[in-house]
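# Structure at a glance
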4 protein chains.
Amino acid sequence: MAATRRPGRNHLFIPGPTTMPDRIIRAMAVQSEDHRSPSFPELAKPLFQDAKMVFGSTEGTVILFPSSGTGIWESALTNTLCRGDTVLAARFGQFSHLWVDMAQRLGLEVIVQDEEWGTGADPQRIEEALRADTDHRIKAVMVVHNETATGVTSDVGAVRKALDAANHPALLFVDGISSIGSLPFKMDEWRVDCAVAGSQKGFMLPAGLGLICISPKALKIAEGGPGGGTGRNDRLGHAYFAWKDQLGANAGGYFPYTPALPLLYGLREALAVMREEGMENIYHRHHVLAEATRQAVAAWGLKPCAKEPKWYSDTVTAIVVPEGIDAAKVITHAFERYNLSLGTGLSKVAGKVFRIGHLGDLNELSLLGAIAGAEMALIDCGVALTPGSGVAAASSYLRENPLHKA
Amino acid sequence: MAATRRPGRNHLFIPGPTTMPDRIIRAMAVQSEDHRSPSFPELAKPLFQDAKMVFGSTEGTVILFPSSGTGIWESALTNTLCRGDTVLAARFGQFSHLWVDMAQRLGLEVIVQDEEWGTGADPQRIEEALRADTDHRIKAVMVVHNETATGVTSDVGAVRKALDAANHPALLFVDGISSIGSLPFKMDEWRVDCAVAGSQKGFMLPAGLGLICISPKALKIAEGGPGGGTGRNDRLGHAYFAWKDQLGANAGGYFPYTPALPLLYGLREALAVMREEGMENIYHRHHVLAEATRQAVAAWGLKPCAKEPKWYSDTVTAIVVPEGIDAAKVITHAFERYNLSLGTGLSKVAGKVFRIGHLGDLNELSLLGAIAGAEMALIDCGVALTPGSGVAAASSYLRENPLHKA
Amino acid sequence: MAATRRPGRNHLFIPGPTTMPDRIIRAMAVQSEDHRSPSFPELAKPLFQDAKMVFGSTEGTVILFPSSGTGIWESALTNTLCRGDTVLAARFGQFSHLWVDMAQRLGLEVIVQDEEWGTGADPQRIEEALRADTDHRIKAVMVVHNETATGVTSDVGAVRKALDAANHPALLFVDGISSIGSLPFKMDEWRVDCAVAGSQKGFMLPAGLGLICISPKALKIAEGGPGGGTGRNDRLGHAYFAWKDQLGANAGGYFPYTPALPLLYGLREALAVMREEGMENIYHRHHVLAEATRQAVAAWGLKPCAKEPKWYSDTVTAIVVPEGIDAAKVITHAFERYNLSLGTGLSKVAGKVFRIGHLGDLNELSLLGAIAGAEMALIDCGVALTPGSGVAAASSYLRENPLHKA
Amino acid sequence: MAATRRPGRNHLFIPGPTTMPDRIIRAMAVQSEDHRSPSFPELAKPLFQDAKMVFGSTEGTVILFPSSGTGIWESALTNTLCRGDTVLAARFGQFSHLWVDMAQRLGLEVIVQDEEWGTGADPQRIEEALRADTDHRIKAVMVVHNETATGVTSDVGAVRKALDAANHPALLFVDGISSIGSLPFKMDEWRVDCAVAGSQKGFMLPAGLGLICISPKALKIAEGGPGGGTGRNDRLGHAYFAWKDQLGANAGGYFPYTPALPLLYGLREALAVMREEGMENIYHRHHVLAEATRQAVAAWGLKPCAKEPKWYSDTVTAIVVPEGIDAAKVITHAFERYNLSLGTGLSKVAGKVFRIGHLGDLNELSLLGAIAGAEMALIDCGVALTPGSGVAAASSYLRENPLHKA
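Residues numbered from 1 in each chain as written. Chains lettered and ligands numbered in written order. Predicted model: local features only at pLDDT ≥ 70, side-chain atom pairs only at ≥ 80, totals over all residues. Heavy atoms only, no water.

Before going further, it helps to spend a moment on the overall build of chain A. Looking only at helices and strands, chain A features 14 helices and 14 strands. In terms of C-alpha radius of gyration, chain A reaches 22 Å, essentially the compact-globule figure of 22 Å for 406 residues. Going through the 406 residues of chain A one by one, you find that 67% of them count as buried. Within chain A, residue pairs in contact and separated by at least 24 positions form 74% of the contacts whose partners lie at least 6 positions apart. Carbon together with sulfur atoms contributes 51% to the accessible area of chain A, which is approximately 12800 Å² in total. Of the side chains in chain A, 39 bear a positive and 43 a negative charge, and the two mean positions are spaced by 1 Å. (Helix = DSSP H or I, 4+ residues; strand = E, 2+ residues; numbered from the N terminus. Rg over C-alpha atoms; globule rule 2.2 N^0.38 Å. Buried < 20%, exposed > 50% of the residue type's maximum accessible area, 1.4 Å probe, protein only. Contact = heavy atoms within 4.5 Å. Areas by Shrake-Rupley, 256 points an atom, 1.4 Å probe, with all protein chains shown as cover. Lys, Arg positive; Asp, Glu negative; His and termini not counted. Charge placed at Lys NZ, Arg CZ, Asp CG, Glu CD.)

Moving on, we come to the relation of the copies chain A and chain C. Both copies of the chain are related through a single rotation about an axis accompanied by a shift along the same axis. Once turned by 180 degrees and shifted 0.0 Å along the axis, chain A lies on chain C with an RMSD of 0.0 Å. Taken together, the rotation and translation relating the two chain copies correspond to the operation of a two-fold axis. Among all residues of chain A, the one whose C-alpha sits closest to the rotation axis is Arg26(A), at a distance of 2.9 Å. (Least-squares fit on C-alpha atoms with pLDDT ≥ 70 in both.)

This paragraph deals with the packing of helix α12 (residues 327-338) of chain B against helix α13 (residues 364-380) of chain B. All names here are of chain B. Here α12 crosses α13 at 115 degrees, and the two axes come no closer than 9 Å. The interaxial crossing formed by α12 with α13 has right-handed handedness. For the pair formed by α12 and α13, the contact residues are Val330, His333, Ala334, Arg337 and Tyr338 on the first element and Gly373, Met376, Ala377, Leu378 and Asp380 on the second. Residues of the contact of α12 with α13, tallied by class, amount to six nonpolar, two polar and two charged. (Axes fitted to C-alpha atoms, helices over the stretch in contact; angles between N-to-C directions. Left-handed = near helix turned anticlockwise from the far one by under 90°. Nonpolar A, V, L, I, M, F, W, Y, C, P; charged D, E, K, R; others polar.)

A word on unusual backbone geometry. The peptide bond linking Gly16(A) to Pro17(A) adopts the cis configuration, its omega dihedral lying at 0 degrees. Within the fold, Pro17(A) resides in the loop between β1 (11-13) and α1 (22-27). A positive phi angle, near 60 degrees, is found at Met204(D), a position not held by glycine. On the secondary structure map, Met204(D) appears in the loop between β9 (194-198) and β10 (209-214). On the accessibility criterion, Met204(D) (4% relative accessible area) is buried.

Residues and elements named next belong to chain D. The contact between helix α11 (residues 279-300) and helix α13 (residues 364-380) brings their axes to 11 Å, and the two run at 25 degrees. With respect to each other, α11 and α13 are oriented roughly parallel. The hand of the α11/α13 crossing is right-handed. Residues Leu289, Ala292, Thr293, Ala296 and Trp300 of α11 pack against Glu364, Leu367, Ile371, Ala374, Glu375 and Leu378 of α13. Taken together, the residues that form the contact of α11 with α13 break down as eight nonpolar, one polar and two charged. (Parallel < 35°, antiparallel > 145°, perpendicular 65-115°, else oblique.)

Let's shift gears to the sheet that holds strand β11 (residues 303-304) of chain A. Residue and element names in this part refer to chain A. The antiparallel open sheet is built from three strands, whose spatial order is β11-β12-β14. Both outer strands of the open sheet, β11 and β14 (353-357), are each paired with one neighbouring strand and no more. Here strand β12 (residues 316-320) runs beside β14; their pairing, made up of five bridges, is antiparallel. The residue of β14 that forms the bridge with Thr317 is Ile356. (Pairing = 2+ DSSP bridges.)

One pair of aromatic rings is described through two measures. These are the centre distance and the angle between the planes. Overall, the coordinates contain 38 aromatic pairs over all chains when judged by the stated rule. Judged by centre distance (5.6 Å) and plane angle (50 degrees), the ring pair of Phe48(A) and Phe255(A) falls under tilted. Highlighted residues: Phe48(A) in helix α2 (residues 40-50) and Phe255(A) in the loop between α9 (243-250) and α10 (261-277), separated in sequence by 207 residues. Taken together, the ring pairs connect Phe65(A), Tyr240(A), Phe241(A), Tyr257(A), Phe65(D), Tyr240(D), Phe241(D) and Tyr257(D) into an aromatic cluster. In this structure, Arg6(A) is placed above the aromatic ring of Phe335(A), and the distance from its NZ or CZ to the ring centre is 5.3 Å. (Phe/Tyr/Trp six-rings, centres within 6.5 Å; stacked < 30°, edge-to-face > 60°. Lys NZ or Arg CZ within 6 Å of the ring centre and 35° of its normal.)

What follows is about the pairing of β14(A). For β14(A), a buried count of five out of five residues is recorded, marking the element as mostly surrounded by other parts of the structure. The alternating pattern of β14(A) places Val353(A), Arg355(A) and Gly357(A) on one face and Phe354(A) and Ile356(A) on the opposite face, and all of these are buried.

The next subject is the relation of the copies chain A and chain D. Between chain A and chain D, the superposition needs a rotation of 180 degrees and an axial shift of 0.0 Å, giving an RMSD of 0.0 Å. Of all interface residues in chain A, 100% are interface residues in chain D too; the two copies therefore contact each other through one and the same surface.

As a further point, take the nonpolar core. Phe203(B) and Phe203(C) are the most contacted members of the largest nonpolar core, which has 195 residues in total. Within the second largest apolar cluster, 194 residues are counted, among which are Ala195(A), Leu209(A), Tyr240(A) and Phe255(D). (Core = buried A, V, L, I, M, F, W, Y, C linked by side-chain atoms within 4.5 Å.)

Let us look at helix α12 (residues 327-338) of chain C. With 12 residues, α12(C) extends 16 Å between its outermost C-alpha atoms, agreeing within 8% with the 16 Å of an ideal straight helix rising 1.5 Å per residue. Tucked into the core, α12(C) has its buried residues touching β1 (11-13), β13 (340-342), β14 (353-357) and α13 (364-380) of chain C together with α13 and α14 (389-400) of chain D. Its side-chain oxygen at 2.9 Å from the backbone nitrogen of Ala328(C), Asp326(C) defines the N-terminal cap of α12(C). Looking at the residues trailing α12(C), positive phi occurs at Asn339(C), about 55 degrees. (Expected span 1.5 Å × (residues − 1). Polar contact = N/O pair within 3.5 Å; in protein donor to acceptor, adjacent residues only side chain to side chain.)

Here the focus is the interface of chain A and chain D. Between chain A and chain D, the contact holds 51 residues from the first and 51 residues from the second. Counting the surface lost from both chain A and chain D, the interface buries some 4100 Å², and carbon and sulfur atoms represent 58% of this. Ranking the residues of chain A by area buried against chain D places Gln31(A), Arg105(A) and Tyr240(A) at the top, with a combined share of 14%. Between chain A and chain D we count two salt bridges in total. Of the charged contacts in the structure, one is a salt bridge between Asp245(D) and Arg105(A), with a shortest N-O distance of 2.9 Å. Linking chain A with chain D are 14 residue pairs in polar contact (both at pLDDT 80 or more). (Buried area = accessible area lost by both parts, 1.4 Å probe. Salt bridge = Lys/Arg side-chain N within 4 Å of Asp/Glu carboxyl O.)

All names here are of chain A. Across all of its chains, the model carries 76 salt bridges over all chains by this definition. Residue Arg131 is joined to Glu127 by a salt bridge in which the shortest nitrogen-to-oxygen separation is 2.7 Å. Linking Arg131 with Glu127, this pair stays in helix α6 (residues 123-132), spanning four residues, or about one helical turn. Take Arg131: its relative accessible area is 47%, and that puts it in the partly exposed class.

Written as C-alpha cells, this is what we have:
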C-alpha cells in the first residue's frame, strides 16, 4: 500500500481480455455446487445448445474446456490428427505463428504459407497447394480468422471456396479466438470443421473457458479411434482435451471432471446478453467502433498495420507509429500516465505498432476516451498530432453512424 | 427483455451518486451479521474515528445514520434547535432552497438571504445580519458549501470569519453533501458545528448512509436536553435522528438499531481508498478535472452558470446552453443516444443548464469520454460547436496538469 | 490480522438481520446510476406495486424509505398525528416498549396497556379502552405484531375486531418488522392503517430500507395537512419521513432524494425470490421450522418465554434458561466457541433467556446445525441436557413435516 | 421458474468442490485486466512463491495452469516422460484408476499394483517392484495421496522410504488433489517430484486452476528436452501443458497465454485465508471434523469403506450402507428432501457407499447440520438408526476437541 492509489478505472483497450458487463461479473459470483447433482444439467445442458448461436451453427457440437484458447487449439489437433500428419497453415502474425509452432511441437508436418504481416490467408495459394496435393496428404487447413497481432481479418468463406475448388477433403480449422462473438462467423455456411474460441474476447468473460465447435465430419473422424478409421493408428496423445470423454458426459448435462462453475454461469449470462443485443447488432457495433477508430488514425496521419481495407479487422486496429518513435514507449506511457491499456506490438512488429482493441462490451464514449488517451500519449511521446483531431474525426463518424441498425 | 440491450457501461456524470471503485462494490457484498456480537465493534469503532479525516476534524464527533443526506439535514436541526427558533440561511440554488424549506416545515423561523443563482453565500451580508441580531435570536447559520444545482462553492471559511467579526454565538451548519470528500473541508479550522455529508458523493458509496460531524459546542447543546439547558423546552420532535441514542451505543462500537451493514463495510473500504490516494491528492485531482471541464466549456463558447471564477465548483459544472436550445433535450439525447448521464437543470434553471458532475472516482479518460459525449449531444441538438474542440482543450490542459501533485 | 482466522461461516440465528440468499447479495452489487434518468422508473415503479403482495394488500400504498425500521415507526406517527394526540399501545416486550417511548418523545400522549412479558396484546382490554374513550380522544392503536424480544405473536385480526366491536375510528398501526414476509399478514383483511416493515427480516435484505404500507384511510388523513382536516394544526414535525414528498415523486417512478440503489435492486430480487417460493409456502416453512425448534426446546426440558402456545412466534423462540444459569454466558459461549449467533435477552429478560431466530432464508439442516450448537453451548455452560436430544426431536419432526405443503 | 424455489442454502458435503469463504468469492469478482501490463507482476509473482507453503515446499517450483486437476496429471506425465516409458502405479479407487488410464492413453506402459478398495498404496509392494526393476525401466512411481472415492489416505512418506530402500531413481508423482491444503503435505521432506493439486478442494476456490509443484530433479529432466538428455527422443506430445513456456513467462510475473484472472485473485485471497488460520490449524481442524464424522458413523452402527484406521482420510469419509439399501437412493433423497449434497459411490462401490466430504471451509455446526441430514436421509431410506445418535456422538466429540490447537 506504499504506492499512491490510482484513481478511476483502467481503460482496457487491448484485444482481449475484454471489458465485461457488470452483470456477467455478478453472475459468476457463485458458491460451489455439486457438479454431479440431479439439478446440475439444468445449468449445463442449455449451454451446449445455446452457444452454437455465436458460432453461426446449428449442425455443430460445442464442447467447453476449462482452459485458455491455446488449449483448444491443441484439442482440435489432437482429436483429429495422427503423428506425422501433414497440415497446411497460413502464417501472417504472431498468433498464426504460434499455432504453427504448436502443430510442429505436437508432431505434425506443417506446410507453412507465409504471408506478409498486414495481410491474411491467401485463398489462391491455399487452393494451389491443395490442388498440388493430389494424394491428399494434407489432412487439415489451419486458418486464423482474425490475426490479433496485426489487426487483420482473413476471409474464411473464401478459404472454404478454395477447398471446394480444389475438391480437397482436408478439414478446415479456424482460430476464431479474437473474432467469434464479435465478427460475423458462419460455421455451417463456411463448413468449418473446428472453430476455436476463447471466453475472454467476444464472450465477455474471463479467460479460462475454451470453446470449440465441431462439425459432424470432424466428429466422425475423432470418433473413429486412432487414425479415424483410416488405418493410421498413432493418434496424437491426449487425455484432458479428449472430446470423447466430454461428449459422453455432456450428453447427460455433466462434465467428465470438475468444471469451472463460475464460467458456466458467466457463459449463461453472456449468451443472454448477446441475445438481448442481437448478434447482428453486435457485429454492426463492432464495425462502427472499428471504423471510428480508423477515422481517428487517419486524422492523426498514421496508418494501420493492415495493408488494405479488405484486411481491416473490426476487433483490433494495429497502428504503425512514425519512424523514430518507439511504440513500446507510447504504450507504457499511456498506461502509466493515463491508465490506458493498449496492445503491444508482438514479435516482428514490436516497437513499431501499438494496438487498440475495440471488441467486447464497449460503446461510443468508452472508445472516445481511449482515442483521446492514445492521442495524448502519442503527443507526449513526440508524435506531431493536432490535439483533438482523432476524437473529432471519430466522434463525427459516430454521430452519423449509430451502433445498431435501425 | 423486449428492448434491445444497450452495450457498454453508462457514463455517469451527474453530481452524485458517483461512480464507485469496483473494490468498494465488492466490499459491500457481505452476508448479514449480528450487529450485537462481541466482534462487531471491530468493524464499527474505527469508522467513527477514521471518518473524521474526511471532514478535516479531530475534535468533532461523527455519527452514521441509515438515511440519505436529507435526513442528516433534519438531524442537525432537530437535535440542536427548538420550535420557533430563528436561523439564518443563504439561498442560491435548489439545494439551499430545500434546506430552507425543511427548516420551515420543522417549525423554525428562517431569515432567508437570497443570492443570485450562480453566486453563493455572502459573508458580508451574513455578518451584517448577525450584527443586527443583537439579542442573539439567530441560533444557527445554515450554509450550503457546494450548491449542486448551479455548480457554485461558497467560502465557508469566510462565513466563519463573518460570525467571528459579528461576535455572534450562532451555530454554523454546513451542508457539505456534494463537497466533503472531494473539496478541501476544514471542520475544525472553520469551527463548523454541524457538517453534513452523504455517502453517495465524495465517499464513493451508494446513498443510504448519512454522515454528520458535530462540534463539541453543538454536542453540548444537544445534550442539554430540551432547550439545551437554556430554559427553552420545546425541542423539535425526533427519535430516529436523535444523536443521544446513537452516541450511547456508538461508544461501545454498536448502533441503537440495525445498521445498514454493507454500507459500513463500504465505508471502511472507502476510507482505505481515500487514504491510499491521499486527501490532498483527491482535492487536487478534483480541481484538475474541474478545470479541464471548464476549458472544454470555454472552447465550446459556452459559459458556466457560476458567475465568477471565485464561485467555480470543483465537483460540478453547470453549463448554460445558448438561447433557443432546450437543455433538457440535450440531457435526454445524451442519455438515449450516447448513454451519458448528465445532471439536469433544477427549478429556476430548468431547461437552461445542464450539469457535468466531475466528482468521485474519476480520471482523465473517463472525463474526456464524457466531454466528447456532451459535445456530440450539443451538436446533435443544434448548438454550433467545432467537433473535438472541447476534448482538445481539456486534453491539452490535462496533458500539462497531472491529477496528483508530484 | 493478528487473531487466528475463524474457519467456516457464522451461523446467524438472531431474529434479524437474517441470512440472505446469495442471489440477493449478487443483485445488490451494482454500480451507481442516475436516479433521475428516463429509464429509472423501470426499476422503481414495479417495486411499489409488487411489495404489496408481502403485506397482503391490494388497496394500500407502499413507501420505501432509506432508513431502518425504527425510522418507519416515526414515519407512521408523524404523518398522521398531531402534538398531544392520544394513542393506545400494548406493551409486552422491548420493542413494544421502544415504540411507546418513541411516541412519547415525539409529543404524543400514550395510554399504555402493559401485558405480562410472554403474552401479547389483549384484544379484550383494547376493546374496553376504546369503548371507554367515548369522545374518541384515541387517534391510533399501536400493536406490535411479533414481539421479537419474547417470541410472542399478537393476534392483529382480533385487535381489528376489538376496534370494530367498540365502533371506534382510531387508526390501527402495526409493527410488523419481524413478522411481515415470514408470518401471514393480511393488511386489507385486518384493515391495518399503517403496517411497518424492515428490509432485514422477512425480506432477506440488509437493513437500510424501511417499508410502510398505508391504508387509504391513513393516507387521506395524512394528505389533509396539519390536523388532517380536523382543525388540529400542530402536525408532528417531519420532513425526511414525509409521505407527501415520496408519493409525489413515486408516482412517476422516482424518489424525492437519492435512494439507496442497491437495496432497490435487492428488493426486486427478494420479491422474485418470494414469488418463486410462494407466500403460503414461506409461511408454512416458518411454521415448520419454528415448531421443530420448539420440539427441541421441549426435549431439552426447557420452556419458551411465550406463556402459551397461542402466543408462540414462528419467527423467533425465546428460551428461558434454568435458574442459576446466565443466558448471556450461553450466548457469548455459543458465539466464541461455535460461531453461532443467538439473540440476547433484552431488558427485563436479560440473562434469563436466549433467542433462536428462525426466519429468513433457512432450511432444515441450517436449523439443525444451530440447534446442535445451542445444545452444545447449553451443556458447556452447565445445563443438564442429553446430548443430541434437541436435534433428535427436531429432526424427527422435520422428517414428518416437509417445509412446503404438497 | 415454474418449479418452486428451494429455500435456504445447499449443504455441500461432497469431497470437492468445497464451500468457499465469501471473501474469496468477493475477491474473484474482478473486471478484466491486461495480463501484459507493467503492474501485472505485482499480482502474479507472489503467487508462485506463496503457494509453495501449501505444498510444504521451499525448493519446488509452482506452475499454475488454467485447467482442472486432470489436466495437471497430464502435465506431470507429458513434461517428464517419453512414449513407451514405464511407470509404476498403485490403484485402489476410481481416481487412482483414472490416472492409470490416462497414463495408458498417453502411451506409457503402466505396471499396476491393484490394492483392495478401502486400502491404499502398499510401500512394501512398491519397494519390491522397484528392487526387481534392476535396469531402472520404471521412470516414475504414481501415488494418489488421498483416494477420494473410498476415503483412503496413503502414506506418501512411506512410499518415499520404499524408493530410498530400493535405491531406485524413479520420480515420485503424487496426486494431492483432495489432500493438499487440507492434510499435512511435505513435498520437500518426502522428496515428491510432482505434486498435483486442484483449486477446488483445499484451496477453497472454484475449479479451473490446476497447480503443480515440481522438484528440482523433475524440472531438470523436463528441461533436458526430448528424453531429458537421456538419448530418448520421443517426448510425449504437449504444448498447452508445457512447463517450459510457463516458466519462461512466470519468471517475469507473466503467463504465456491469457490467465484465468479471477482465479489468480482468488488464489491470492485463499493463501491469505490459509495463512490467517495457519496450516497446522487447518490440518488439525480437518482431523477433528473427520473424527467427529467417524464418531457419527460408528454411532449409526455403520462402517467406513476404509478398512483400517490407518487408511482413514481426514478429507472424506466413504460410508458403507447396510445390505439391501441402495446408497444412490440415500444420496438422491438427501439432495431432494434436505438439500444436502453427499458424494456418490463411484464404479466398484456404486450403490454401496455414500461419501461425506469434510474438507474446505467448514466448522462444527456446518458439519453437524450435514450429519443430521445424512441421518434423516438414512432413516427415510429404511436404515434402522436411532434419531440424533450421529449428531450426539459427533457433538460430544466436538465439545471436547476444539478445531484449533490451543
